[in-house]
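Here are the chains, one letter per residue:
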Amino acid sequence: MSLARMMLPPVVASGIMEYSARWENAGPPEIVFPKTPRLLSPHPIYRYMGERMNGTAQIEAAKAAGWRCFLRATKGRLIALDVFQARAGFDFRLHSGKAAEGWMEAIRATRRMPRFARGGEYSMRTLLAPVAHLSCLWFSGVESRRDYLAVLETDANSGRTHRSMTAADWEALVGGATLRAATLWPVAEEKARRLRASR
């Protein structure tokens, strides 16, 4: 498989350039962007919010939520930048250090895997599942059975920054999390109601 080339929408790329220019005056001095930063590995962010709170989850129900790309600061530090549509322009979230380096290494390691050299295209996305506190790189092929996910995490013992997961694994894990959330949420609401009533 070959990675489908992703291009940021022009309005998003323009927003990033404006953000990096503003950062020079307001950001911490240890992170300085070049005048025209090069945007690396741009790809969409998808988010799954647990629409089906009955113990099941479908990866296809994840919805586009924004964009992620990587930039190199002038001193070589790798930055991951998330862009989300807001009411007035865009909201930005910046990640640096081990998190950004680990995510980029996960992208590179996955693209080197033999399974992705058999022909046919796949697309890359970041997939967030807040209900399970899970963040993955989602490599989606033309055939869903070829989907591959790299869980973005850091193991303090092994130093690994990611582990693999199939779409079925993801759906089982996130489905279990939605079931727990559905069980715990009414309990939390009842506690909050009692607390308000006691005041």
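See above for the structure.
Residues numbered from 1 in each chain as written. Predicted model: local features only at pLDDT ≥ 70, side-chain atom pairs only at ≥ 80, totals over all residues. Heavy atoms only, no water.

J.: Got a minute to help me understand the pairing of strand 8 (residues 148-152) in this structure?
T.: Consecutive side chains along a regular strand alternate between the two faces of the sheet. Among the five residues in strand 8, five count as buried, and that is most of the element. The alternating pattern of strand 8 places Tyr148, Ala150 and Leu152 and Leu149 and Val151 on opposite faces, both of which are buried. By the bridge criterion, four bridges tie strand 7 (residues 134-141) to strand 8 in an arrangement that is antiparallel. Directly across from Cys136, in strand 8, lies its bridge partner Val151. (Buried < 20%, exposed > 50% of the residue type's maximum accessible area, 1.4 Å probe, protein only. Helix = DSSP H or I, 4+ residues; strand = E, 2+ residues; numbered from the N terminus. Pairing = 2+ DSSP bridges.)

J.: Quick question: what am I supposed to make of the environment of Met17 here?
T.: Looking at the secondary structure, you find Met17 in helix 1 (residues 10-26). Its relative accessible area of 29% is what places Met17 among the partly exposed residues. Along the chain, Met17 and Leu39 lie 22 residues apart, while their C-alpha atoms are 9.6 Å from each other. Leave out the neighbours within four places in its chain, and Met17 touches Pro37 and Leu39. (Contact = heavy atoms within 4.5 Å.)

J.: Before we go on, may I ask you to explain the environment of Trp103 in this structure?
T.: Along the chain, Trp103 falls in helix 2 (residues 98-111). Taking the C-alpha atoms as reference points, Trp103 and Cys136, 33 residues apart in sequence, are found 9.2 Å from one another. When sequence neighbours within four positions are dropped, the list of residues in contact with Trp103 reads Arg68, Phe70, Ala80, His95, Leu137 and Leu152.

J.: How should the packing of aromatic side chains be read in this particular structure?
T.: Each aromatic ring pair is characterised by the separation of its centres together with the angle its planes make. Going through the model one piece at a time under the given rule, you end up with five aromatic pairs. Ring centres of Tyr46 and Trp138 lie 5.9 Å apart, and the angle between their planes is 85°; this geometry places the pair in the edge-to-face category. Linking Tyr46 in strand 2 (residues 40-47) with Trp138 in strand 7, this pair joins segments that are 92 residues apart in sequence. Assessed through its relative accessible area of 18%, Tyr46 is described here as buried. Look at Trp138 and you get buried, because its relative accessible area is 4%. Seen from their ring centres, Tyr48 and Trp170 are 5.4 Å apart, and the 85° between their planes marks the pair as edge-to-face. One end of the pair, Tyr48, is in the loop between strand 2 and strand 3 (63-72); the other, Trp170, is in helix 3 (residues 167-198), with 122 residues separating them in the sequence. An aromatic cluster is present here, built from Tyr19, Phe90 and Phe92 joined pairwise through their rings. Taking NZ or CZ as reference, Arg68 lies 4.1 Å from the ring centre of Trp103, over its face. (Phe/Tyr/Trp six-rings, centres within 6.5 Å; stacked < 30°, edge-to-face > 60°. Lys NZ or Arg CZ within 6 Å of the ring centre and 35° of its normal.)

J.: Looking at this structure, how should I read the pattern of salt bridges?
T.: Once the charged atoms of two side chains with opposite charge are near each other, the side chains can pair. In the structure shown here, the tally under the stated rule is two salt bridges. For Asp82, the salt bridge identified is with Arg68, shortest N-O distance 2.6 Å. Of this pair, Asp82 sits in strand 4 (residues 78-86) while Arg68 sits in strand 3, placing them 14 residues apart in sequence. There is no split in this pair, since Asp82 and Arg68 are both buried. Arg72 is the partner of Glu101 in a salt bridge, and the nearest nitrogen-oxygen pair spans 3.6 Å. Taken together, the positions of Glu101 in helix 2 and Arg72 in strand 3 put the pair 29 residues apart, joining distant regions of the chain. Arg72 sits in the partly exposed class, given a relative accessible area of 32%. (Salt bridge = Lys/Arg side-chain N within 4 Å of Asp/Glu carboxyl O.)

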